[in-house]
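# Remarks on the overall topology
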Amino acid sequence: MAKRFPEGFLWGGATAANQLEGGYNLGGKGLSTADMIPFIPKDERDGDNAVHITSEQFEEAFKEDSKKLYPKRWGVDFYHHYKEDIALFGEMGFKTFRLSISWARIFPNGDDLHPNEEGLQFYDNIFEELAKYNIEPLVTLSHYEMPAALVKKYNGWIDRKVINMFTKYAETVFKRYRNKVKYWLTFNEINAIALAPYNGGGLITDRFENIEQAIYQALHHQFIASATAVKLCREIIPNAKVGCMLARLETYPETCNPLDVLKTLKQEQMNFFYTDVQVRGYYPNFIKEYFRENNINIIMEETDEDTLLQNRVDYISFSYYMSLVESAGPHGERAPGNLFSGLKNPYLESSDWGWQIDAVGLRVTLNKLYDRYQVPLFVVENGLGAIDTPDDNGMIQDDYRINYLREHIVQMREAISDGVELMGYTSWGPIDIISVSTSEVSKRYGFIYVDIDDHGNGSFKRTKKKSFEWYKEVINSNGQVL
Ligand code: BG6
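Residues numbered from 1 in each chain as written. Predicted model: local features only at pLDDT ≥ 70, side-chain atom pairs only at ≥ 80, totals over all residues.

The test is simple: UniProt positions are given in the numbering used here, feature names are shortened, and annotations may be inferred rather than shown by experiment.
Per an unreviewed UniProt entry, the protein chain goes by 6-phospho-beta-glucosidase and derives from Niallia taxi. Its UniProt record, at the heading Sequence similarities (unreviewed entry), says of the protein chain: "Belongs to the glycosyl hydrolase 1 family."

What follows is the structure, encoded as structure tokens:
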């Protein structure tokens, strides 16, 4: 029998408010942590990523006369283009659209007494527009941003009080959108906090003496906030499905040397730690040992363990862009990733940004996750960031992107026939958006091209790429025509 995607498979695309919306100071929105990340030209970067900011850069970003560029403030101006963009998603036949709500649009300072009605109305408009095309929203509560005021006042997620502010925000949006949104995610790539503490947790590294201690304490607060949001969501929207979200780092041993295998196992455990807590409901022994060995002491309240156990997620969503390689040493050449990196794999090709392309790894990872947890899975990010150059007719012939996506979709189909329960697939950045790691727009993922450059110059005009018609056919055939 031919291998098939199940009926009702949720095909679509995924975005985040801070990379998409723009309108950073419109409709009563407060500044968010993402609005404070300056653009750093490639030749001035320390490595390929530009996600760490200093206290000085953070303070500078509040000044109206700052000469720096902050690309996430303009995004691709979905704020004014959402009707046109959603119509294009509808034309492709999207079944779902993953977006995040900007917390600072709802509570501009994070600790406000009342929500900002204009911000709530903005998302009402979006959900109503999606409904016109029968597109189910898939909403992330926190995607790499929080109100900047919470960093200024409370130092981000290190402060336990932030849990209450977050759950008030979550409760507000669950109540407001209870009839409009069924699929929810709590924290995007919750494991990113370990390597990008500012993006993940609003932690500015130079403010902490022991950043690792701060990271795991802030993460604990996020686990509790996430579990509390799960509880609230179940009470307010009984038919809702709430998931966690992991940057899945499929890691291979460099050789069959048992030491490489052991090192890889340890690395994989550190990646599974987050889903272990959110799906199984408790901290696994290996992380407790890691904390003990590294003098990390997490302050917990008496009810925390019960909160985690009682409020486990319904499904696991994850991002998958590449696989990594680990070795017990000596270490060979390294290959970059967005926030994570590993060793070079000689069997794989790389993207324009050096990320190692590994479609089979997606099948491996789907099987591994399903074997470990036996809950439904959802691939909520996958895609190819590439330089797109319009041809003489102004068209983007992005066969490289089609090939990347096709190969990954084939492997998802294989995984389903291996027995994996897969709810859907939302490719990253169905319309070009600002890169999280480098704040460029010239790193493009979309089926839809947006005419702007890294400095925000351009007409913001939308144009369909070749991949647009291709993805439309994929969805229309439920993954049979690739
Ligand atoms: C994921 C993030 O890590 O990778 C997205 O959840 C991000 O926000 C995506 O955009 C791709 O990374 P980048 O750096 O190419 O934008």
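### Some points on the pairing of strand E4 (residues 183–187)
Successive side chains on a regular strand alternate, one facing one side of the sheet and the next facing the other. To keep it simple, the criterion reads: Residues are called buried when their C-beta atom has 20 or more other C-beta atoms within 10 Å, exposed when it has 12 or fewer, and partly exposed otherwise; all C-beta atoms are positioned from the backbone. Going along the chain from the N terminus, every DSSP run of H or I of four or more residues is numbered as a helix, and every run of E of two or more is numbered as a strand. Whether two strands pair comes down to DSSP finding at least two bridges between them.
Within E4, 5 of the 5 residues are buried, which leaves the element mostly enclosed by the surrounding structure. Note: strand E3 (residues 136–142) against E4, 4 bridges, orientation parallel. Its bridge partner lying in E4, Val139 is registered against Trp184.

### Here we look at the sheet that holds E4
How we decide: To obtain an axis, a line is fitted to C-alpha atoms, over the contacting stretch when the element is a helix, and the angle between two such axes runs from 0 to 180 degrees between their N-to-C directions.
The 8 strands are arranged E1-E2-E3-E4-E5-E7-E13-E14 in a closed barrel whose pairing can be described as parallel. Adjacent strand axes in the sheet meet at a mean angle of 25 degrees when their direction is disregarded. Relative to E3, strand E2 (residues 96–100) is paired through 5 bridges, and the arrangement is parallel. Across the sheet, the residue bridging to Leu99 is Val139, located in E3.

### Re helix H13 (residues 359–373)
Selection criterion: Helix span is expected to be 1.5 Å times the residue number reduced by one. Note that contacts rest on C-beta atoms placed from the backbone: two residues are in contact if these are within 7 Å.
The terminal C-alpha atoms of H13, which comprises 15 residues, lie 22 Å apart, in line with the 21 Å expected from a rise of 1.5 Å per residue. Residues of H13 that are buried include every one of Ala359, Gly361, Leu362, Arg363, Thr365, Leu366 and Leu369, and no others. Where H13 is buried, its residues contact strand E6 (250–253), strand E7 (315–319), strand E8 (323–326), strand E13 (377–381), helix H14 (399–418) and strand E14 (422–428). A positive backbone phi angle near 50 degrees is found at Gln374, which sits one or two residues after H13.

### Points about the packing of H14 against helix H15 (residues 466–476)
Defined as follows: Orientation categories follow fixed angle ranges, with anything under 35 degrees roughly parallel, anything over 145 roughly antiparallel, 65 to 115 roughly perpendicular, and all other angles oblique. Handedness of a crossing follows from how the near helix is turned relative to the far one, being left-handed for an anticlockwise turn of less than a right angle and right-handed for a clockwise one. Under the scheme applied, nonpolar residues are Ala, Val, Leu, Ile, Met, Phe, Trp, Tyr, Cys and Pro; charged residues are Asp, Glu, Lys and Arg; polar residues are all the others, including Gly.
In the contact formed by H14 and H15, the axes pass within 9 Å of each other and the chain directions differ by 25 degrees. One element, H14, and the other, H15, form an angle in the roughly parallel class. Two packed elements cross with a definite hand, and for H14 against H15 that hand is right-handed. Of H15, the residues touching H14 (which contributes Asp399, Arg401, Ile402 and Ile409) are Lys466, Ser467, Trp470 and Val474. Considered class by class, the residues forming the contact of H14 with H15 number 4 nonpolar, 1 polar and 3 charged.

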